[in-house]
Each structure stands twice: as C-alpha cells, then as structure tokens.
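Chain residues, written in single-letter form:
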Amino acid sequence: MKTILSSAAMIIALSGTAFAEGDAAKGEKDFKKCKSCHAIASPEGEVIFKGGKTGPNLYGIVGRAAGSVEGFKYGKSIVDAGTAGLVWDADNLAAYIKDPKGFLKEATGDSKAKSKMTFKWGKPENIIAFLATFSAEMPAEEAAEGEAAETESTTTN
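Not measured: the values here are computed from a predicted model.

Quick look at the overall build of the protein chain
For step 1, the next point in the chain: Across its full length, the protein chain carries 7 helices and 2 strands.
For step 2, the next point in the chain: Within the protein chain, buried positions represent 36% of all 157 residues.
For step 3, the next point in the chain: Of the contacts formed within the protein chain by residues at least 6 apart in sequence, a portion of 48% connects residues at least 24 apart.
For step 4, the next point in the chain: For the protein chain, the exposed area adds up to about 9700 Å²; of that, 55% sits on carbon and sulfur atoms.

Shown next as structure tokens:
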C-alpha cells in the first residue's frame with residue numbers, strides 16, 4: 001500500500017498537475033476581472049470568453065512561450081523573456097499575475113524591465129486552473145516521464 005501511495009504521489013508530481021491547486025470553476029468567475037483586457041478564443045476562432053484586446057488571447061497560455069501570440073504587440077521585456085526561453089507554467093503564471101513588473105525584472109535580469117499588465121492578483125491559482133482547461137496541461141516529455149513512473153510502479157507491485 002505504501003508503494004502504491006508513493007508511486008501515485010510521484011505520478012502526480014511528474015504530471016505537471018500543479019493546476020489542481022486551484023478551482024477552475026472559481027477561476028472562471030475570477031476571470032471576469034481579466035476579461036476587460038483578455039479574451040479566450042480557440043485557434044479556429046471560437047470565442048470561449050469574450051473580452052478586451054488590450055491583452056493577448058489567453059487560449060493555450062499554459063505551455064506557451066511568453067510574448068508569442070502572433071499579431072499581438074507585446075512590450076519588449078516580455079518578448080525578451082520568451083526569446084530567452086520563458087514558457088508559461090503554473091509557477092511562472094502565478095508569479096507574473098501577482099507582480100507582472102517584478103516578475104519580468106527577475107526573469108530578464110533587467111532592473112528596468114516593464115510590463116504592460118498593471119493589474120495584480122494576489123491569489124491566481126483559480127485563474128490558472130481555469131486557463132489550464134484551454135491548454136495542454138503537460139508537455140509530451142512530462143507525460144512520458146509520468147507514464148514511465150506508472151509503468152515502473154506496476155512492475156514493482
């Protein structure tokens with residue numbers, strides 16, 4: 001039993017389910033504050049959550065490189081962060097949503113980094129869980145690691 005529980009905990013840790021910390025249903029409600037600047041629309045053009053165009057479309061944000069929505073005019077700092085390899089995951093999004101400017105200063109190493117996003121949200125976990133429902137939750141390599149851990153746990157039992 002102990003092996004099964006520790007194996008399950010390992011699978012959860014490897015699977016990138018940090019989004020489970022938040023409540024997607026509550027996040028949908030919280031997102032109403034975000035919609036003044038952001039929309040959620042699929043690549044096919046289906047509008048899931050109608051919103052403003054001041055901020056980029058947030059469909060697929062989890063797992064996407066920062067500053068990479070085609071056709072959106074980002075600030076230099078977030079583009080630089082994305083070019084340097086910043087990919088949005090639960091931790092990065094949480095830090096950014098809590099303090100966009102501070103996050104970009106740290107991520108880029110530029111004390112003069114700026115963010116066009118001025119809104120700060122103290123507890124973004126629910127919003128991130130909601131946004132994750134419109135994204136691939138884990139990169140393929142993490143899925144493979146999780147499957148390997150699951151296979152290993154079943155062969156050792």
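Section: the environment of G60
For step 1, the next point in the chain: By secondary structure assignment, the location of G60 is in the loop between β2 (47-49) and α3 (76-83).
For step 2, the next point in the chain: Residue G60 is classed as partly exposed on the basis of its relative accessible area of 21%.
For step 3, the next point in the chain: Residues contacting G60, with those up to four places away along its chain left out, are F134 and S135.

Concerning the packing of aromatic side chains
For step 1, the next point in the chain: Taken as a whole and judged by the stated rule, the model has 10 aromatic pairs.
For step 2, the next point in the chain: Judged by centre distance (6.0 Å) and plane angle (75°), the ring pair of F49 and F130 falls under edge-to-face. Linking F49 in strand β2 with F130 in helix α6 (residues 125-132), this pair joins segments that are 81 residues apart in sequence.
For step 3, the next point in the chain: Judged by its relative accessible area of 5%, F130 falls in the buried class.
For step 4, the next point in the chain: Aromatic side chains F72 and Y74 sit 4.8 Å apart centroid to centroid with 70° between the ring planes, which places their arrangement in the edge-to-face category.
For step 5, the next point in the chain: Clustering of aromatic rings is evident, with ring pairs tying together F31, F49, Y59, F130 and F134.

What about the confidence of the model for the protein chain?
Low-confidence regions, as indicated by low pLDDT, have predicted coordinates that should not be scrutinised in detail.
For step 1, the next point in the chain: Summing up the model confidence of the protein chain, the mean pLDDT is 80 and the portion of residues at 70 or higher is 73%.
For step 2, the next point in the chain: Counting contacts from residues 1-19, a segment whose pLDDT is below 50, to residues more than four positions away or on other chains yields 23 contacts.

Section: the pattern of salt bridges
For step 1, the next point in the chain: Counted by the stated rule, this structure contains 2 salt bridges.
For step 2, the next point in the chain: Residue D80 is joined to K76 by a salt bridge in which the shortest nitrogen-to-oxygen separation is 2.6 Å. You can see D80 and its partner K76 sitting in helix α3, 4 residues apart, about one turn around the helix.
For step 3, the next point in the chain: Measuring nitrogen to oxygen at the nearest pair gives 3.7 Å for the salt bridge that ties D99 to K120. Of this pair, D99 sits in the loop between α4 (90-98) and α5 (100-108) while K120 sits in the loop between α5 and α6, and the two are 21 residues apart along the sequence.

A word on α3
For step 1, the next point in the chain: Within the span of α3, buried status applies to S77, I78, A81 and G82. Seen along its axis, α3 keeps its buried residues to an arc of 135°; they face one direction. Looking at α3, the residues exposed on the side facing more than 90 degrees away from the buried face are K76 and T83.
For step 2, the next point in the chain: Here the buried face of α3 lies against α4 and α5.
For step 3, the next point in the chain: Directly after α3, the chain includes G85, whose backbone phi takes a positive value near 110°.

Overview of the nonpolar core
For step 1, the next point in the chain: Among the nonpolar cores identified, the biggest contains 29 residues, and F31, I40 and W88 are the most heavily contacted of them.
For step 2, the next point in the chain: Taken together, the elements giving at least two residues each to this core come down to α3, α4, α5 and α6.

Basis of the calculations
- Residues numbered from 1 in each chain as written.
- Predicted model: local features only at pLDDT ≥ 70, side-chain atom pairs only at ≥ 80, totals over all residues.
- Heavy atoms only, no water.
- Helix = DSSP H or I, 4+ residues; strand = E, 2+ residues; numbered from the N terminus.
- Buried < 20%, exposed > 50% of the residue type's maximum accessible area, 1.4 Å probe, protein only.
- Contact = heavy atoms within 4.5 Å.
- Areas by Shrake-Rupley, 256 points an atom, 1.4 Å probe, with all protein chains shown as cover.
- Phe/Tyr/Trp six-rings, centres within 6.5 Å; stacked < 30°, edge-to-face > 60°.
- pLDDT = per-residue confidence, 0-100.
- Salt bridge = Lys/Arg side-chain N within 4 Å of Asp/Glu carboxyl O.
- Arc of directions from axis to C-beta.
- Core = buried A, V, L, I, M, F, W, Y, C linked by side-chain atoms within 4.5 Å.

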